[in-house]
Amino acid sequence: MFPTDRPRRLRRTPALRRLVAETSLEPRHLILPMFVADGITEPREISSMPGVFQHTLDSLSAAAEEAVAAGVGGVMLFGVPKSEDKDETGSGATDPDGILNRGLARLKSDLGDSTVIMADTCLDEFTSHGHCGVLGENGSIDNDATLLRYVDMAVAQADAGAHLLGPSGMMDGQVGAIRAGLDAAGHVEVGQLAYSAKYASAFYGPFREAVGSSLQGDRRTYQQDARNRREATHEVELDLAEGADMVMVKPAMSYLDILRDVAEMSPVPVAAYQISGEYAMITAAAQNGWIDRDAAVLESLVGIRRAGADVLLTYWATEVAGWL
């Protein structure tokens, strides 16, 4: 009357559980998103993301060096220009003296090839309207005019020293246009981590504070609809055909089914982004004593890995790398 199959045998001790664990999480799997801001003299904490900062060039360098020492796989840099430097076309994104390009150059100078330096290749931080592209006469995003700006931005970021570019604007044809532009400029070795399945999400809220967003309206005409699943694999297929070196699903938490779909069909490495709202929710719940913070952080990251992510962008990258 007693069971002959007893799976609990392999859960009996920590050593047994470690021996048979199906999913691993290592520092090399983690990418640290970072923000470098113009016009500040010391790091500025983001109120909706306690523990995450807008950096000066000096503090950016110090934090990146700490991340590299912890063993993280790479860093993804976002620029935060002064509000008076924003304009309709996001000209600061292509200015070699713009804050993002200066930040990339500083990281390249300090770190060389000791880690993977990634750049957010999108105009939203730099436009006065906060959208990821150029506005047409009717106020909608002009896809093809935006591609021209992305090419110029990509070349500027490659010139500054980025190893991988992260086109995140969800414009049709962006990966192919950037690939052609990079190759024409002699940057054949610079790759793309394409934000291939990026959904319009309520969980981006804290990020808008982090980059000082000037967004008017929403991004639902170019980011994907949360109700759609097949559309994501179609977007990934298009990016792969255009030359993406890696592909991404964003956000991670509410889109683990999408992540699994992409992981099963992608011949290139797959990334997932644990976004600002995910960070903020776990942090806030822990601060209220409702959950065990460290255990929840690890469980959330292992869940993303288990769903199929080869690499994870997370604001806890340096801290978790230290634990591991």
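What this report covers is the structure whose coordinates are included nearby.

So, how was this worked out
Residues numbered from 1 in each chain as written. Predicted model: local features only at pLDDT ≥ 70, side-chain atom pairs only at ≥ 80, totals over all residues. Heavy atoms only, no water. Patch = residues over 30% accessible without salt bridge, like charges linked within 9 Å, V, L, I, M, F, W, Y side chains within 5 Å. Areas by Shrake-Rupley, 256 points an atom, 1.4 Å probe, with all protein chains shown as cover. Salt bridge = Lys/Arg side-chain N within 4 Å of Asp/Glu carboxyl O. Lys, Arg positive; Asp, Glu negative; His and termini not counted. Charge placed at Lys NZ, Arg CZ, Asp CG, Glu CD. Helix = DSSP H or I, 4+ residues; strand = E, 2+ residues; numbered from the N terminus. Buried < 20%, exposed > 50% of the residue type's maximum accessible area, 1.4 Å probe, protein only. Expected span 1.5 Å × (residues − 1). Contact = heavy atoms within 4.5 Å. Axes fitted to C-alpha atoms, helices over the stretch in contact; angles between N-to-C directions. Parallel < 35°, antiparallel > 145°, perpendicular 65-115°, else oblique. Left-handed = near helix turned anticlockwise from the far one by under 90°. Nonpolar A, V, L, I, M, F, W, Y, C, P; charged D, E, K, R; others polar. Pairing = 2+ DSSP bridges. Right-handed = clockwise from strand over helix to strand, strands pointing away. Phe/Tyr/Trp six-rings, centres within 6.5 Å; stacked < 30°, edge-to-face > 60°. Lys NZ or Arg CZ within 6 Å of the ring centre and 35° of its normal. Core = buried A, V, L, I, M, F, W, Y, C linked by side-chain atoms within 4.5 Å.

### Things to note about a negative patch on the surface
Taken together, the side chains of Glu84, Asp85, Asp95 and Asp97 define an acidic patch exposed on the protein surface. Along the chain, the position of Asp85 falls in the loop between strand 4 (74-80) and helix 3 (99-111). For Asp85, a relative accessible area of 37% translates into the label partly exposed.

### Let's talk about helix 3
Taking 1.5 Å of rise per residue, 13 residues should cover 18 Å, and helix 3 covers 18 Å from first to last C-alpha, within 8% of that figure. Residues of helix 3 that are buried: Ile99, Leu100, Asn101, Gly103, Leu104, Leu107 and Leu111. Elements that come into contact with the buried residues of helix 3 comprise strand 1 (30-37), helix 2 (57-70), strand 4, strand 5 (116-121) and helix 4 (143-160). Just downstream of helix 3 lies Gly112, where phi reads positive at about 55°.

### Describing the packing of helix 4 against helix 5 (residues 174-184)
Relative orientation of the contacting elements helix 4 and helix 5 amounts to 50°, with a least axis distance of 9 Å. When the axes of helix 4 and helix 5 are compared, the pair comes out oblique. Taken as a pair, helix 4 and helix 5 cross one another with a handedness that is right-handed. For the pair helix 4 and helix 5, the contacting residues are Leu147, Tyr150, Val151, Ala154, Val155 and Ala158 in the first and Gln174, Ala177, Ile178, Gly181 and Leu182 in the second. When its residues are assigned to classes, the contact of helix 4 with helix 5 shows 9 nonpolar, 2 polar and no charged.

### Regarding unusual backbone geometry
Here the amide bond leading from Lys250 into Pro251 is cis, since omega sits at 0°, within 30 degrees of zero. Non-glycine residue Met170 carries a positive phi angle of around 60°. Judged by its relative accessible area of 6%, Met170 is buried.

### Points about a nonpolar patch on the surface
A contiguous nonpolar patch, built from Leu10, Leu19 and Val20 and spanning about 290 Å² of accessible area, is present on the exposed surface. Accessibility expressed as a relative area gives 66% for Leu19, which makes it exposed.

### Let's talk about the pairing of strand 6 (residues 164-167)
Here strand 6 shows no split at all, with Leu164 and Gly166 on one side and Leu165 and Pro167 on the other all buried. One ladder, built from 4 bridges, connects strand 5 with strand 6; its direction is parallel. Across the sheet, the residue bridging to Met118 is Leu164, located in strand 6. After leaving strand 5, the chain enters helix 4 and then returns to the sheet as strand 6, a path that is right-handed. Where strand 6 meets strand 7 (residues 191-198), 2 bridges bridge the pair, whose relative direction is parallel. Paired with Leu164 across the bridge in strand 7 is Gly191. For the crossover that starts at strand 6, traverses helix 5 and ends in the parallel strand 7, the hand is right-handed.

### Description of the packing of aromatic side chains
The relation between two aromatic rings is expressed through the spacing of the ring centres and the mutual angle of the planes. With the rule as written, the count across this model stands at 8 aromatic pairs. Three or more aromatic residues joined by ring pairs make a cluster, and in this case those are Phe35, Phe78, Phe207, Tyr273, Tyr279, Tyr315 and Trp316. Note that Lys250 overlies the ring of Phe207, its terminal NZ or CZ placed 5.4 Å from the centroid.

### A few points about the side chain of Asp239
As for its position among the elements, Asp239 is in helix 7 (residues 230-241). Of the side chains bearing the opposite charge, Lys198 lies closest to the buried Asp239, which forms no salt bridge; the N-O distance is 12 Å. Non-local contacts of Asp239, meaning those with residues more than four positions away in its chain, are made with Val175, Ala194, Tyr195, Ser196 and Ala244.

### Re the nonpolar core
Of all hydrophobic cores here, the largest spans 95 residues; its most connected members are Phe35 and Tyr273. Sorting elements by how many residues they give to this core places strand 1 first, with 7 residues. Setting aside residues no more than four positions away along its own chain, Phe35 makes contact with Ile46, Val52, Phe53, Gln54, His55, Leu77, Phe78, Val80, Phe207, Ala210, Val211 and Tyr315.

### Some words on the environment of Val188
Relative to the helices and strands, Val188 is located in the loop between helix 5 and strand 7. With 30 residues separating them along the chain, Val188 and Ala158 place their C-alpha atoms 9.9 Å apart. Residues contacting Val188, with those up to four places away along its chain left out, are Arg179, Leu182 and Asp183.

### Notes on the pattern of salt bridges
Per the stated rule, a full pass over the model turns up 11 salt bridges. Arg28 serves as the salt-bridge partner of Glu26, at 3.0 Å between the closest nitrogen and oxygen. What makes Glu26 partly exposed here is its relative accessible area of 31%. Here Asp110 ties to Arg106 by a salt bridge, and the two come within 2.8 Å at their closest N and O atoms. With Asp110 and Arg106 both in helix 3, this residue pair falls 4 residues apart, about one helical turn. Note on Asp110: relative accessible area 32%, which makes it partly exposed. Members of the salt-bridge network, linked through shared partners, are Asp58, Arg106 and Asp110.

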